Amino acid sequence: MARRCEVTGKGTASGNNVSHSHIKTRRTWKVNLIKKRIFLEDENRWVTVRLSTRALRTLRKKGIKAAIKDNGGSLGVLAAKKYAGIQKSAPKTA
């Protein structure tokens, strides 16, 4: 599983460590991710989302659906993981 926020899409960043003598070495900055259960009132269900702590602040201010739309994501992120991409087939009538 990649270290990526499901709401904002924020991932690991890379750059240089710069010492006092100005020697540069490569380094990474990892995202502060947490797993959070969020209740969707309009769908009457809980979803577990892996998001950054910064995105959690945004969720408390705007709400989950508005935060995902603002960051260019789709609401398919909130689908249950084991049922993602599976559509229910219509019952066959004889």
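Refer to the preceding data block for the structure.
To keep things clear, this report deals only with the structure shown in the data block. Quick caveat: nothing in here was measured; it's all calculated off a predicted structure. (Residues numbered from 1 in each chain as written. Predicted model: local features only at pLDDT ≥ 70, side-chain atom pairs only at ≥ 80, totals over all residues. Heavy atoms only, no water.)

1. Re the layout of surface pockets
So, step 1. Estimates place the volume of the largest pocket at around 180 Å³.
So, step 2. K36, I38, F39, L40, E41, D42, L56, L59, R60, G63, I64 and K65 are the residues that line the largest pocket.
So, step 3. Residue assignment for the lining of the largest pocket shows that the elements contributing at least two residues are β3 (33-40), α1 (53-62) and α2 (64-70).
So, step 4. With four residues, the single largest contributor to the lining of the largest pocket is β3.
So, step 5. Broken down by class, the residue content of the lining of the largest pocket amounts to six nonpolar, one polar and five charged. (1 Å grid on protein atoms, 1.4 Å probe; cavity = no way out; pocket = protein on both sides within 12 Å on 5 of 7 lines; lining within 4 Å. Points joined across faces, edges and corners; volume = space filled by probe spheres on them. Helix = DSSP H or I, 4+ residues; strand = E, 2+ residues; numbered from the N terminus. Nonpolar A, V, L, I, M, F, W, Y, C, P; charged D, E, K, R; others polar.)

2. Some details on the pattern of salt bridges
So, step 1. The final tally for this structure, using the stated rule, is two salt bridges.
So, step 2. Notably, a salt bridge pairs K62 with D70, separated by 2.7 Å at the nearest N-O pair.
So, step 3. You can call D70 exposed: its relative accessible area is 52%. (Salt bridge = Lys/Arg side-chain N within 4 Å of Asp/Glu carboxyl O. Buried < 20%, exposed > 50% of the residue type's maximum accessible area, 1.4 Å probe, protein only.)

3. Here we look at the pairing of β3
So, step 1. Looking at chain direction, β3 and strand β4 (residues 45-52) are connected through eight bridges and run antiparallel. Pairing of K36 across the sheet is with V49, part of β4.
So, step 2. In this antiparallel pair of consecutive strands, β3 and β4, the connection spans four residues, and N44 shows a positive phi of 55°. (Pairing = 2+ DSSP bridges.)

4. Here's the deal with the packing of aromatic side chains
So, step 1. Counted by the stated rule, this structure contains one aromatic pair.
So, step 2. Lying over the aromatic face of W46, R37 brings its terminal NZ or CZ to 4.4 Å of the ring centre. (Phe/Tyr/Trp six-rings, centres within 6.5 Å; stacked < 30°, edge-to-face > 60°. Lys NZ or Arg CZ within 6 Å of the ring centre and 35° of its normal.)

5. Let's talk about unusual backbone geometry
So, step 1. We note that H22 has phi near 70°; this positive angle belongs to a residue other than glycine.
So, step 2. With respect to the helices, strands and loops of the structure, H22 is situated in the loop between β1 (13-18) and β2 (24-29).
So, step 3. Positive phi values are uncommon outside glycine, yet N44 reaches one of about 55°.
So, step 4. Tracing the backbone through its elements, the reader meets N44 in the loop between β3 and β4.
So, step 5. For N44, a relative accessible area of 62% corresponds to the exposed category.

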